[in-house]
Amino acid sequence: MSFVETETASQPKCWRRAAELARTDTGALPATGERIAVVGCGTSFYMAQAYAALREGSGQGESDAFAASEFPFGRDYDRVVALTRSGTTTEVLELLGRLRGTTRTVAITADPDTPVMAAADDVVVLDFADERSVVQTRFATTLLTLLRAHLGLHTDDVVRDAETALAEPLPEGLLECTQFSFLGRGWTAGLANEAALKMKEASLSWTESYPAMEYRHGPISIATTGTATWMFGTAPEGLAEQVRATGALWVESGLDPLAELVRVQRLAIARAAARGLDPDSPRHLTRSVVLTES
């Protein structure tokens, strides 16, 4: 088995640990009412989008999400939350350095032996969810589970749904599709973005992602026989029927959207295997982007 297969299968166990951690060690995480920004790069940026939408949508405080390289330094925040598996990403470390002494910062990382430990004011370490694969799976979903639990939005049903996502066969015909569009609404738009990224990284698949209501505004023109449109959460009324009428495969389920992301991870691994690719080491990618001055 590849590392990413093992790491994907371990997610229910990791989620249980993260939920317990949220009940016992929450002092570093944003308090209700704080105005926050959440930052990250790649997968971590998409988890930031999901968390910010969940937090603000549940009435717990204004929450923005940015790619670390696009942070608006002219805005005032009570706290900035930085998501970084490796703890070494250049854009995140530079951002934390610029905020030191002016804005409270907290980093969530997988590696306690990296520069982020000194760069942020507070650090939450999820070392039990660290990964050997370049492609992120369990760290991203575990940190989002931690944050959902801290918001009071996690239940044991989410973990059971993840177990179902790992056990049940993937929908028939998915593996043969040539293009994938992932759709989300609210916090699941971030998950749709991450699903598209996962398929690109691991299997070099042609993917796109959109807010679900935007799909009719042009992107649906791509849908046809041999393509798939995959919904995270509840679909807008009539959209499933409209997509099916194109001949495309419509995919949705009653699983929690975070568990639905596990199904996409499994598909990405399966497509990589079918194409003879190594999902642990995607082309042109490394575990962390560390830039050096020229």
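So, here is what we can say about the structure in this document. (Residues numbered from 1 in each chain as written. Predicted model: local features only at pLDDT ≥ 70, side-chain atom pairs only at ≥ 80, totals over all residues. Heavy atoms only, no water.)

### Quick word on the overall build of the protein
Argument step 1. Within the protein one finds 10 helices and 9 strands.
Argument step 2. The C-alpha radius of gyration of the protein comes to 19 Å, within 12% of the 19 Å expected for a compact globule of 294 residues.
Argument step 3. A principal-axis box enclosing the C-alpha atoms of the protein has dimensions of 55 × 40 × 40 Å.
Argument step 4. In the protein, buried positions account for 56% of the 294 residues.
Argument step 5. Counted over contacts in the protein with a minimum sequence separation of 6, partners at least 24 positions apart contribute 71%.
Argument step 6. Working note: accessible area of the protein is about 12500 Å², and carbon and sulfur atoms make up 48% of it. (Helix = DSSP H or I, 4+ residues; strand = E, 2+ residues; numbered from the N terminus. Rg over C-alpha atoms; globule rule 2.2 N^0.38 Å. Buried < 20%, exposed > 50% of the residue type's maximum accessible area, 1.4 Å probe, protein only. Contact = heavy atoms within 4.5 Å. Areas by Shrake-Rupley, 256 points an atom, 1.4 Å probe, with all protein chains shown as cover.)

### Thoughts on the pattern of salt bridges
When the charged atoms of two side chains lie near each other, side chains of opposite charge can form a pair.
Argument step 1. Overall, the coordinates contain 13 salt bridges when judged by the stated rule.
Argument step 2. A salt bridge links Asp157 to Arg160; its shortest N-O distance comes to 2.4 Å. In this pair, Asp157 and Arg160 both sit in helix 7 (residues 156-167), 3 residues apart, roughly one turn of the helix.
Argument step 3. Exposure remark for Asp157: the relative accessible area of 44% places this residue in the partly exposed category.
Argument step 4. With relative accessibility at 44%, the residue Arg160 sits in the partly exposed group.
Argument step 5. Taken together, the salt bridges that share partners define one network made up of Glu194, Lys198 and Glu201. (Salt bridge = Lys/Arg side-chain N within 4 Å of Asp/Glu carboxyl O.)

### Here we look at the environment of Ala248
Argument step 1. Along the chain, the position of Ala248 falls in the loop between helix 9 (239-244) and strand 9 (249-251).
Argument step 2. Since its relative accessible area comes to 8%, Ala248 is described here as buried.
Argument step 3. Residues Ala248 and Leu95, 153 residues apart in the sequence, show an inter-C-alpha distance of 42 Å.
Argument step 4. The contacts of Ala248, once residues within four sequence positions are left out, are Ala223, Thr224, Thr225, Thr227 and Val243.

Remember, this is a structural readout, not a statement about activity or role.
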